[in-house]
Structures are given as C-alpha cells and as structure tokens.
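Commentary on secondary and tertiary structure
Chain residues, written in single-letter form:
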Amino acid sequence: MWPPISTRSTLAEALRGWPAPALDPGGPAAAAIATLSWVLLALTGLILAIVLAAIALALLGRPAWRAWLSGERLVWIGGVALPIVVLTGLLIYGLTTTGRLAAAGPPGEMRVRVTGEMWWWRVAYLDAAGREVIHDANEVHIPAGRPVTFELEAADVIHSFWVPRLAGKLDMIPGRRNVLRLQADAPGVYAGQCAEFCGGPHALMGFLVVAHPPAEFERWRAARLRPPAPPSDPLAARGAAVFAASGCGACHRIAGSAANGLAGPDLTFVGARRSLGAGILPNNQGTLAGWVADSQAIKPGNRMPPFRTFSGEELRALAAYLEGLR
Amino acid sequence: MGLKLGSSGAGAAVKRVTFLMSAGLAAAACDGGAVQPRALANAEPARGRATIEQVGCAACHHIPGVRGPKGRVGPPLEGFAERALIGGRVPNRPDLLALWVRDAPALVPGTGMPPMPLTEAESRDVAAYLYTLNAR
Amino acid sequence: MTSETGFDPKLLDRFPTRERRPPGELEELERVWRAPGGWRRLTVVNNNYVGLYYVGSAFLFFLLAGVLALLMRVQLAAPLNGLLPQEVYNQVFTMHGTVMMFLFAVPAMEALGVLLLPQMLAARDLPFPRLSAYAFWAYLIGGLCFFASIFFGLAPNGGWFMYPPLTSKIYSPGINADFWLLGIGFIEISAIAGAIEIIVGVLKTRAPGMTLDKLPVFAWAMLVFAVMIVIGFPAVILGTLLLELERALDWPFFDAARGGDPLLWQHLFWFFGHPEVYIIFLPAAGITSMIIPTVARAPLAAYRLVVLAILATGFISFGVWVHHMFTTGLPVISVGFFSAASMAVSVPAGVQVFAWIATMASGRVRWSTAALFAVGGIITLTMGGLTGVMLALVPFDWQAHDTYFVVAHLHYVLIGGMVLPLFAGFYYWTPMMSRRALSERLGRWVFGLFFTGMHVTFLPMHLTGLMGMPRRVYTYLPGRNWEWPNLVSTLGAVLIAAGVLIFLIDLARNFRFAAEDNAGDVFGGGTLEWLPTGLYSTRSIPRVTSRYPLWDDPDLAQDVEAGRYLLPGAATGVRETIVTSPLRAEPQYLQRMPGPSVWHVLAAVFTAAAFLLLTVQLYWVGLASGVLAVAFVLRWVWETDWPMNAETAELGAGVRVPTYATGPASHGWWAMVVLLTVVGMIFLMAAFSYVFLWSRRPDLWIAPPPAAQLLAIVAGQAVAAGFALAAARLVRRGGAGRVLAAGAMIVSALAGAAAWALDIGGWRAAGLIPVASGQGATVYALLSLQGLLTLVILIMAGYVAVRVARGLVSTDRTSTVDLVSLFAVYTAAQGGLAALLARLFPGGG
C-alpha cells in the first residue's frame, strides 16, 4: 500500500544538518556567501596561526627572534599595517557582494508574500497586479532555476525568514516590508526556520521551500488556482460535515467552502503539505488527528486550542477530509 | 503410572515435590517480572523506533524512548508490552498489533486512530519496538 | 617645565623628607580611617571594603548565571529534551544573558576599579566614597531581588535584549518584562554613579607627578570605561523608560500601527549595547596590560600606542551599533558604513594583542596561574576577535546572525576578553588584600579545566550555527545532526563548572581579607598598588616620576611606609586625600572625605525598594519609597560642603595647599559636569527618538501650538537660566549676597516650572495626547524628562535656601550654590531646546 518511509520522508531529508546548510549552497545567493565564508575561514585561520606562532616565539623562541619581536615595530606591523591591508581587501569584497545580493529584481519577477505569525508562516502568491491569488501556510513553492522575490512582513512580533541553503536571513518587522530574492538552482525541498526570538515555541517554527522543475511548477500553480474537488470518500465527506459544524471556519479558510477565517493557516491544500505544525511533524492522517485533538501537547502555547469534543470516528473523519485536501 | 494420594512417607514427599515443581513452573510462566518477548519475524525494535519518529506517532501518544512530543490524544504507551488489550478491545498479540498499527479501524471501526502510512515490514518493526516497553 | 596650575613643581623635589615623623601621627591616621565593627560594618565607605563586597557580589552573580547556563546546556544536550519546559527555558536564557551582562560583567569591572584604583593612584580613597557605597548597595539589593524573580516564574522571558513588540503589553502581559525594565533601572543608576566616581578619581586624585603619560594602563582603561558608560548607558536608560511607558501607559513608541517603530528600540538598545561589550572588555584589557609586564618583568611595549588603542576603541565602538541590525532590511549604504566601522574597531584590539606579545618577547615570562590566565585570555580573545571580523562582513552576517555562530563569537570575546583576564586579576591581586595568596597548585587545575572547557563548549558552536541552529531555542528536532555538537558543548560546560568549583574551594581555603598584613608583592609588580598599604591606602603619598615606580626606586616602599612623602598623616584630623590636576597631577587642594554613614545605605535600600515595588504594581508604596529615597539622599548630601577647621593644610616639607576649592578645579564641579553629560545624552536620545519616528510616519504629525507660546517658553527658560547664573554671582558678594542668591535660585526654579507648564499646557490645548501617535508619545516623553528635571530644581532651590538659612553658605564656601546653579542652567537650556525641537521641527503639520 505504501512505499517505505525512508523514500517518502522529504521532511527528514530537508532537515538534514550535514553538510552544514550554510556551507552547502543550493542557490546563487547562498553560493556567494558560502564562497565568502570559506575565504574568511581560511584567512582567519591563517591570522590565528600567525598570532599563535608569534606568542610561541615570544615565549620560547631564540633570543634573536625574541629581540625582533619586542618593541614597537611588531605592534605597528601586526597591529596596524597588517590589519589595515587585510581588512580593506575584505571590506571591498564584502561590500561588493552585499550590493549584488541586495539588488532588487526586475519588475516582472514572480512574487510571494510571507507574513510571520506567532508561530507559523502565512504564504500568499501574488499575480502580476499584486493581488494575492493563492494562499497557503508553512510551505512555499517556487520554480527551480529562476529568482523569486519574497516580500516579508510580520503580523505581530519580529520574526526572521531564513533558508540557509538558499540565502541569508531577513527579518520580518511589523510595519515594514522587507524584500528578499531567492533562487534554488535544483529542484528539491529546502528547510527554513524562524531566526528571531518570537517568544513561546519559537524553536518549533520551521517551514519548507519546495523547488519544482519549471514545467511542473506551472502545473502546480494551475492546480492551485482551482479549489480542490469535494470529497468523494464517505468518511472524508463526513469529515467535511464535522469541519463545517465545529466552527473551524472561524479561524481557517478552505477555498470553495464556507470556511473563510483568517486567524489561522489556510487549509485549502493542507493535505499536500510536506509537514504539519510549521515544519515539525510529518503530514498523515495520524498527525492530522493528533494536531486537531490536542496541538498544545505538540507545540505548547500555539494559538490553536485543543478540541476534545470529537468522538473517535469524527476525529478520523476530519483527518481523512483534511488529508484529502490536496 | 498413577500417583496414589496417600500420606505414606515416600508418596507424600513425591506429591509435595511435584506440587512444588508445578507451582514453580506455573510461576515461571506467569512471570511477576519480565514478559516473554513476543516473537515477530525479521522485526527490529531499533528500526521500529526510527519509524515511529519519522511517521509521527508521538503526535497522539507519549512513547518512552521516542524523541518527539508527548501526545495526549491516545493512551500513553509506557508499559505497553504488558498490556493485555490493544485499544481496550483487541488482544495484544504480535500479528494483531502489527495490523492495528497500520490500520486500526479495520480491527475496531469506532476507534479514533486513523490508518498510518506503514508497510507491513515497518509495522512489524514498530510492534517489535512497542514490545520493548516494559513498565518500570 | 611649564606648570598646569601654577603649582611650583620644584616643591615636590623636597620629597622624600629626612626628618623623623612626629609620634602618634601614624596612630592618628589609623584611627581616622578605622572601619566600624559589628553591624555598623554595613555603613562602611572605605574602598577596601566596598570594593571587596562589590567584587564578591559580582562574582556571586557570575556563579548564579553560570548555573543557569549549565541548565541550558543540559537541556540542549539532546533533541526534544524535556528537562526545561519552553516557558522555563525562555526565562532561564533571558536571565543568563541579563545577569551576566548587567549584574556581573559591568559591575565586576566597576568593582575592580573601586578596589584597585585608589591604591594604584596612591589616593586614600575614591573622591565620593558614599556614592560608590550607595551604588553597591542599590545594586546588591536590587540585583538579588531581580534574580529571585526566577523562583516565582516572574523572570523576564523576552531575551536579554527585550525586543518589542514581543515585550509590549499585548505579547508579554505579565510583569516579567517589567521586572527587567525596572530591575535594570537601579543597575543603570549604579553604573552611572560608579562612572562619575571613576572619571573624577582617575583625573583628579592621582599621586603628585603621575602625569597622564605615566598613568597605569588599567587606570586609562577604567577612565575610558567610565566615559563610555556616561555616553552609552543613557541610551538604554531612555529605552527602558520608553518601553515601560508603553507598557504601563500605552504610549506608542514601538507600536507600528500608531506611528511607533520596533526599530527605534533596536537603535536605542544597540547604541548602548555595542559600547557595552567594549565597556566590559577594555578594563579587562587593562588588567592584562598590568599583568603581562609584571610576569614578563619588562615594561609594557608601545605604551602610548596601547593608550591610543584604548581611546580609539572607545571612540569607534560608538559607531558600529547597526551591525546588530544587518538583517533588518536597512539600506545598503548605511549597512556598508557600519560594516566598515565594525572592521575598523578590530585594529586597536590588534594593537593591544601585539603589544602584549612584544612585551612577552622583551622580557622572560615567569609562569604562574595569573600568567596562564592572561596568556590564555589573549589567545581566546584573538579567536573571538577574528570571528568578529567575519561577522562584520554583511553577507556572512546574513547567514550567521542569530545563530550559534554568534553565541560562539560572543563567548569567545567575553570569556577571552573579560572572564579569563578577570581570573588572572583574581590570582594576581589577591595577595594585595588577603593574608594568603591563592594556591598555585590548585590554580593550574582551575586554569586547565576552565580553559579547556571553554574551548570544548564554544568551538563546536561555530559549526552548530552554520548547520542552521538559531539562537534562543529551547529545543530542536532530531535528525538535524545538531545533537552531536550540542552534546560536546554540554560536556565542555561541565568542565568549566568543575574549574570554577575548584576555584571556589581555593578561595574558601586561602582568602582572608587583610588591608594591612596582606601577602605582599608576590609577583614583583612595579606599580603603586603594591606599596605597603592599610585602610588608609599608603602611609604617605609618593611623588611619581616613572611608569613603574617600584622598579625604578627600590627604596620607595620603605620611604612611603616611613612617612617620607606627602600627607604622612591626617593633616586636618579627618579623612582626606590630595586632589591633583588632570594632566600633570600637580597638587591643587586637600579634599575632605566622609567616613562611615548610614544615610547612603538607607537611600540605597529605598531606591531599590521603589523600583521593585513599582514593578509589582504597588504604586503608592513604591512612590512613598521613592520619596524616602530622595529624602535620604538629601540628608546625605547635607553633609557635603562642610566647613573645614583650617583654610590650608600642610602636605609635608612646608608644602601647603588649600582645603577647599570652587569652580572647575573642584571635584564636585567635575562630578556635576559628568552627571549633566549623562542627562544631556538621555535628552539627545529622546530627541533622536522624536526625529526618528517623524521620519517614519510624517503623515501622523499634527501642527504645533502657536509660535507666540514658543517665544514665551524660551523666554521663561532664559529667565530661569539668567537667575541661576546670577545666583552663582551673588553668592560671592558679601552682605546680603547669600540671601539674594537663594532668592535667585528660587526664582529660577519657578520660572523654569512656569515655562514647563506653559509648554505642556500648550500641547494639550493643541489636542495632542500621548497615546495617539509617535508624535504624542515622544513629545510627552520630552516633556516628562523636562518635568523631572524641573522638579529636581524646585527641590534643590529649596535646599539651597535652607543651607543659606543655616549659615552654611559663605562667600568662600559657594560649592552648593555653584553646583545647583550649573544644574539649573542645564535644565533651562534643555527646556528651551526641547520646546524648540518639538515646535519648530518639522513645522506645520
């Protein structure tokens, strides 16, 4: 019925920490920074070696060496001349890279708006006129090989959007809109995490960037512009009825249904997401049921209250319904 | 050969020894400490634990030894190895547990535990891990 | 040789004197300086005691915050570890950072200054002994109560940097954030008080002949430390004030919806926060600059370059704060400037490192625990400084900011740059104040465990950060490969703890406080703190002619002890020290110093109580406590500016100096100027806030009240200033001059109050309310600051009147009036400037 889990778990694959994501770039921005990082590591290693050698010689070296090292000359060379030369070079390198990375994209570039919430990510895809046409949460889909402009905002407190394999981070600050250009060179799933302390379960606020081959991305986008078909399976249909009757629509939106709440994540395509709870759980009927019934045990302090009013069958029906929203 | 129940010396002694031996065997069978491991062919508890973490069982259950949330939706699984029933309804047998773990509604239609995306082999691994959970 | 003050330097050639000292002179000196016993020990003001208590308290907070760190490390050793639930962890990491930075690092350096500077400068005490004692008690009481909040689950939980909007009332509804804001308040007061002490002490109470060119590097470092506190702390003082106003009264400084801006907090906080780390680092670098020459038995190489480097670091460090904000989306140009400045600030640090290496090369290092800690610190600091250069490059910072890479960097520079030198200082200077030195055998274990543990803990964190682990996370998911470096870091933390434990054992076994029969100059240091001392510092104050007086004059210790130098006794029968000129250290006058007193202790208790009561929202009791604190301060101040029993006093060998000074030569004047600089910086920060919020939302600014009002306000403040100046003139005239001066002060205070009332009334009439917008909030913040100062002047004008009525003011005893006048002139100037700013900029709405 199912392929083995090791071949299915894109979440686990994306979360892998070795090689170190910041030094394992998957896009041009991260690549530029990774190169800079290696240069810095090499340079600082060299300078440290020089300083350690100087200390060793000063303490244990031959009298001739020690005489050379004593006095003001060493201070001028090592403390003034050498740093000024090295730092000037580094500064030029750093500033030119900064300018390149911060350059804005051309006007027609694809735009995605991500809003940091406590403790999840509201995602909206913009059309050419700047209207939000597709809504999602905790997962962003982009075409591979092309830059995408991310508009970063915050709904409540300061968050920070960080996908180390693709680019540096950029803060999401209430009252401001920050712009980040991201490109993934190859299709794949890239893990991100909130990088500005936002209280409570800040540690459990992750997200995924999914890069598709361009043709596949167009198909994905087209599919997303249509709301999902109503559930055919009787259990899932029962779940839809439970959803509607339980007030879930007050916080959540499912396109093509009466549910249109904006307080919580958009659930129109929740079944297709590769994770739940903002990058912290795999997505299947079991975890869906667990989250709905008592998300506080999974992510304490999050804004969704536990729902202990469902019978076993109702809970399973809901889980089947939500899983079918893909 | 029958054992005449009488009070003659040798007979009484044999009777007593037999009684004690039977009691001892019964006691060994009834345990009082460790459970006999339930046999699952080709199943590895360590693989089962990894599978549990990857599939997210902890979203509903508090499972000792598993890194994850301590879910409160389903019963805690501490000491599961010694439980007589699964889900309060199904006998706690290896074959039934493996089936339950991947398709609980097939065994108990009213259960709140949905079917889980596990292969047969994976569900046996999971069962093997659950059978290592002895009560402290 | 030209003289700075008119004092004839040849007079100092009369020392050392040859005649025997009169009998009883030493006993009299001892009697005058004796510390009270029993419970009265709490009233002591002598720097030996206050310094010791201060260092001990700072070290206690180090231990407490260290325990918190251990808890954090155990929690993070495994993924989804359940040891510390999320809310507890958030409080623990916030307290770790806050306690380390505010209750340990800055106070420890200040404490060392209090303990060492008088001895190092051969002054009998710091110029304002009760002020440092007050600062200490407020800090200890307040700090302990603040720390106790964690046992009630009330500890702040927004990170040590407390960014709004997370710390605004909506998202932090409990009083946890208020604990931080008000809890930091009395620490800020302590720091400012200490800074005043140190600036005036280093510049005005040196041994005669100790020109700036001969000033010990530690003293230079403390001077820069204190000036940086004066310039930098006001930003956080204002910031905490604004955030508390927002939380308590809903004034929208940081609320984007009403024209506030979360980045305003970040600018204010980091304008303080970056210099803060150099405030912490520079004195420790000064310690290293004192220890390395001694253990290498060679003078510090490139002394002038090192001093320049300290000055340059202090200066440049005020221009780098935005490097904490590289990821906030600021324009590339501003980010580029701060990147350049952040790299520049590493140059003076490099100068000091190479000066230390050159010193070691020019001598022969004799190894001891102090030397081990000093050299270990240099290596660790260098590594931290190099990762700092990496972070100064913006693209790299975009990956590494807010990850464990920064945690690694900051601990390398703080431990390598401050904690290791501090331990070196402990081992080095303990013989100066204890009967026994610390154990060298145990010391090597302490060093080995601490140094090794430090690197085992923090070196892997560079990698952990680049592996994607952000800061301030109470846990992490399995499968990210973060568990291995985290486990290694936790093991390192255990090693550090073991090292500290052995240190505590050593301390308990060997440290026995003794001002007189201490262990002596065990390491063979050449600077003045190694002279034989008592509670009165040295028996006589030497004339200094070199940077290492004890090396250049082998008889110095003996001569000083025998009273052959200046001020060999209590010239006027009370505690005194010599006040000297700032550049060439020429004797100017003899300063009378206070002895033990209860008033500053009570003032400290009620100051701390006021802040803490306000935090727990017992407003009336808190207000009453504040009133009592002010009353006790006034009672304490009442004893200043007291008549001396002689107009001049003899320093020895016929050299006489006055016993009183007024005007810019007096230590009181200097203290007031420093205080006014602090107040001025607070005002500057408030003005910045006003302009900043306007630049963000000019559309929310309403038109100012009519211009005629502005003229009236400025005129009123001009009158206030004029009368204040007149008061200082009048008091110097005979006859009714004093009474007229008191009257002039009162008129000045009333004029200032009237101008202020007009100002605030005008804005209310114009329809501006503080909760409405960023303009409302900042205008009323400026008005509140002005109101506070106006209240102070009203009180002080009354104080002056009472002094005059009691006959304590005379034509040659004018300090009280001079200082109050200075404060009043400043208040008037600030009132005028604030009104001009708010009403003329940007103009019509």
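In what follows, the accompanying structure is described. (Residues numbered from 1 in each chain as written. Chains lettered and ligands numbered in written order. Predicted model: local features only at pLDDT ≥ 70, side-chain atom pairs only at ≥ 80, totals over all residues. Heavy atoms only, no water.)

It is the contact of helix 3 (residues 28-60) of chain A with helix 11 (residues 369-392) of chain C, at a shortest axis distance of 10 Å, that shows an interaxial angle of 160°. It follows from the interaxial angle that helix 3 of chain A and helix 11 of chain C lie roughly antiparallel. The interaxial crossing formed by helix 3 of chain A with helix 11 of chain C has right-handed handedness. Here Leu40, Leu41, Thr44, Ile47, Leu48, Val51, Leu52 and Ile55 of chain A of helix 3 of chain A lie close against helix 11 of chain C, whose contacting residues are Val375, Ile378, Ile379, Thr382, Met383, Leu386 and Met390 of chain C. Its residues assigned to classes, the contact of helix 3 of chain A with helix 11 of chain C comprises 13 nonpolar, two polar and no charged. (Axes fitted to C-alpha atoms, helices over the stretch in contact; angles between N-to-C directions. Helix = DSSP H or I, 4+ residues; strand = E, 2+ residues; numbered from the N terminus. Parallel < 35°, antiparallel > 145°, perpendicular 65-115°, else oblique. Left-handed = near helix turned anticlockwise from the far one by under 90°. Contact = heavy atoms within 4.5 Å. Nonpolar A, V, L, I, M, F, W, Y, C, P; charged D, E, K, R; others polar.)

Next up on the list: the sheet that holds strand 3 (residues 132-137) of chain A. Residues and elements named next belong to chain A. The strand order across the open sheet built from five strands is 3-2-1-5-8, with neighbouring strands paired in mixed fashion. A strand with exactly one partner marks an edge of an open sheet, and here the two such strands are strand 3 and strand 8 (178-182). Neighbour-to-neighbour, the strand axes of the sheet open up by a mean angle of 25°, direction not taken into account. This element, helix 6 (residues 214-225), spans strand 2 (120-126) and strand 3 of the sheet and lies at about 95° to strand 3. (Pairing = 2+ DSSP bridges.)

For the rest of this paragraph, the subject is a nonpolar patch on the surface. Residue and element names in this part refer to chain C. A grouping of Val630, Ile746, Leu750, Leu791, Leu794 and Ile795 is seen on the molecular surface, where their side chains present a nonpolar patch of about 470 Å² in accessible area. Every element with two or more residues in the nonpolar patch is listed here: helix 22 (737-765) and helix 23 (774-805). Among the elements that line the nonpolar patch, the one with the most residues is helix 23, at three residues. One can find Leu750 in helix 22. (Patch = residues over 30% accessible without salt bridge, like charges linked within 9 Å, V, L, I, M, F, W, Y side chains within 5 Å. Areas by Shrake-Rupley, 256 points an atom, 1.4 Å probe, with all protein chains shown as cover. Salt bridge = Lys/Arg side-chain N within 4 Å of Asp/Glu carboxyl O.)

All names here are of chain C. With five of its five residues buried, strand 1 (residues 576-580) lies for the most part within the structure. Of the strand pairs in this sheet, strand 1 and strand 2 (residues 587-592) are connected by five bridges, and their pairing is antiparallel. Counted as the bridge partner of Ile578 is Leu590 from strand 2. Between strand 1 and strand 2, which pair antiparallel and follow one another directly, the connecting turn spans six residues, one of which, Ala585, has a positive phi of 55°. (Buried < 20%, exposed > 50% of the residue type's maximum accessible area, 1.4 Å probe, protein only.)

Listed per partner, the contact involves 80 residues of chain A and 80 residues of chain C. For the pair chain A and chain C, the two sides together bury roughly 6600 Å², of which 73% comes from carbon and sulfur. Interface area lost by chain A to chain C is led by Leu59, Arg176 and Phe197 of chain A, which between them contribute 10%. Taken together, chain A and chain C are joined by one salt bridge. Two residues, Asp261 of chain C and Arg176 of chain A, come together in a salt bridge whose shortest N-O distance is 2.6 Å. One can count 18 residue pairs in polar contact (both at pLDDT 80 or more) joining chain A with chain C. (Buried area = accessible area lost by both parts, 1.4 Å probe. Polar contact = N/O pair within 3.5 Å; in protein donor to acceptor, adjacent residues only side chain to side chain.)

Moving on to the interface of chain A and chain B. At the interface, 25 residues of chain A touch 24 residues of chain B. Note that Arg72 of chain B is salt-bridged to Asp294 of chain A, the shortest N-O span being 2.7 Å. Applying the counting criterion to the chain A and chain B interface returns four residue pairs in polar contact (both at pLDDT 80 or more). Listed by contribution, the elements that provide at least two residues to the side of chain A that touches chain B are helix 1 (5-8), helix 8 (285-294) and helix 9 (312-323) of chain A. Ranked by residues supplied to the side of chain A that touches chain B, first place goes to helix 8 of chain A with seven residues. Within the side of chain A that touches chain B, the residues separate by chemical class into 12 nonpolar, eight polar and five charged.

Think of it this way: side chains of opposite charge can pair up when their charged atoms draw near. All names here are of chain A. All told, the structure shown has 46 salt bridges over all chains when counted by the stated rule. Ionic pairing is found between Asp294 and Arg308, a salt bridge with its closest N-O pair at 3.8 Å. Of this pair, Asp294 sits in helix 8 while Arg308 sits in the loop between helix 8 and helix 9; the two residues are 14 residues apart in sequence, bridging distant segments of the chain. What makes Arg308 exposed here is its relative accessible area of 63%. Taken together, the shared-partner salt bridges in this structure form one network comprising Arg111, Arg113, Glu132, Glu151, Glu153 and Arg177.

Moving on: the sheet that holds strand 10 (residues 206-212) of chain A. All names here are of chain A. The five strands lie next to each other as 4-10-9-6-7, forming an open sheet whose pairing is mixed. Only two strands of the sheet have a single neighbouring strand rather than two, namely strand 4 (139-143) and strand 7 (170-172). For this sheet, the mean angle separating the axes of adjacent strands, direction not counted, is 25°. Pairing of strand 9 (residues 188-194) with strand 10 involves six bridges; the strand directions are antiparallel. The partner of Gly192 across the bridge, within strand 10, is Phe207. Running at roughly 130° to strand 4, helix 6 makes contact with strand 4 and strand 10 of the sheet.

If you walk through the whole model with that rule in mind, you get 11 cavities of 30 Å³ or more. There is about 100 Å³ of room inside the largest cavity. Gln193, Gly206 and Gly279 of chain A together with Leu477 and Arg480 of chain C are the residues nearest the centre of the largest cavity, which is lined by 19 residues in total. If you list the elements that add at least two residues to the lining of the largest cavity, you get helix 2 (10-15), strand 9 and strand 10 of chain A. Taken together, the residues of the lining of the largest cavity break down into 13 nonpolar, five polar and one charged. Here the lining of the largest cavity gathers at least three residues from each of two domains, domain 2 (111-223) and domain 3 (234-324) of chain A. (1 Å grid on protein atoms, 1.4 Å probe; cavity = no way out; pocket = protein on both sides within 12 Å on 5 of 7 lines; lining within 4 Å. Points joined across faces, edges and corners; volume = space filled by probe spheres on them. Domains from an automatic or database assignment.)

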